[in-house]
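# Working through the structure, step by step
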Amino acid sequence: MTILNKFEQWGDRHHPAILDIIRIALGLFLLLKGYAFLQNRTFLEDMIIDLHVKFFTPGLVVFMMNYVIWVHMVGGLLIMLGIFTRLASLLQLPIICTAFYVIDNLRSAVNSDLWLTIFSLLFLLIFTILGSGPLSFDRYLSKDK
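Small disclaimer: the values here were computed from a predicted structure and weren't measured.

### Digging into unusual backbone geometry
- In this model, F84 sits at a positive phi of 50 degrees, which is unusual for a non-glycine residue.
- Structurally, F84 is set in the loop between α4 (58–81) and α5 (85–105).
- Residue classification places F84 among the exposed positions, given a relative accessible area of 53%.

### Some remarks on the packing of helix α3 (residues 41–49) against α4
- In contact at an axis separation of 10 Å, α3 and α4 are set at 120 degrees when each is read in the N-to-C sense. The angle between α3 and α4 places the two elements in the oblique class. Taken as a pair, α3 and α4 cross one another with a handedness that is right-handed. In this structure, α3 contributes R41, L44, E45, I48 and I49 to the contact, and α4 contributes V61, M64, M65, N66, V68 and I69.
- Considering only residue class, the contact of α3 with α4 consists of 8 nonpolar, 1 polar and 2 charged.

Calculation criteria
- Residues numbered from 1 in each chain as written.
- Predicted model: local features only at pLDDT ≥ 70, side-chain atom pairs only at ≥ 80, totals over all residues.
- Heavy atoms only, no water.
- Helix = DSSP H or I, 4+ residues; strand = E, 2+ residues; numbered from the N terminus.
- Buried < 20%, exposed > 50% of the residue type's maximum accessible area, 1.4 Å probe, protein only.
- Axes fitted to C-alpha atoms, helices over the stretch in contact; angles between N-to-C directions.
- Parallel < 35°, antiparallel > 145°, perpendicular 65-115°, else oblique.
- Left-handed = near helix turned anticlockwise from the far one by under 90°.
- Contact = heavy atoms within 4.5 Å.
- Nonpolar A, V, L, I, M, F, W, Y, C, P; charged D, E, K, R; others polar.

Given below as structure tokens:
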């Protein structure tokens, strides 16, 4: 048995059911956050440009905007449904970690609460380790096998 399989089995055994409700709420939050960024792309572009990274080209900024929007929307939906939860949570982590830097520089209705970012990071780390849990499509599909 590989280390990854042992890790996955340990996460499946140590998953309280209340975390499923939190997972669904987190997925919905990330989905709505991605939709908010989609509706206000100029705000997201300004946040990325304000990171002041020297090697950012216009093409890279567009790529990063699309990454943030689609990873939040698709990843949030996957987390909410409990499909590929570990992968979707892992892909969210760079965005959430970058949000700590952006929060210090910008205050807005879209990205104003530090505590929300902290809780999002905490729960994304938990779901990266524990996985989707008993109330998920992953569990439902594995029962069919």
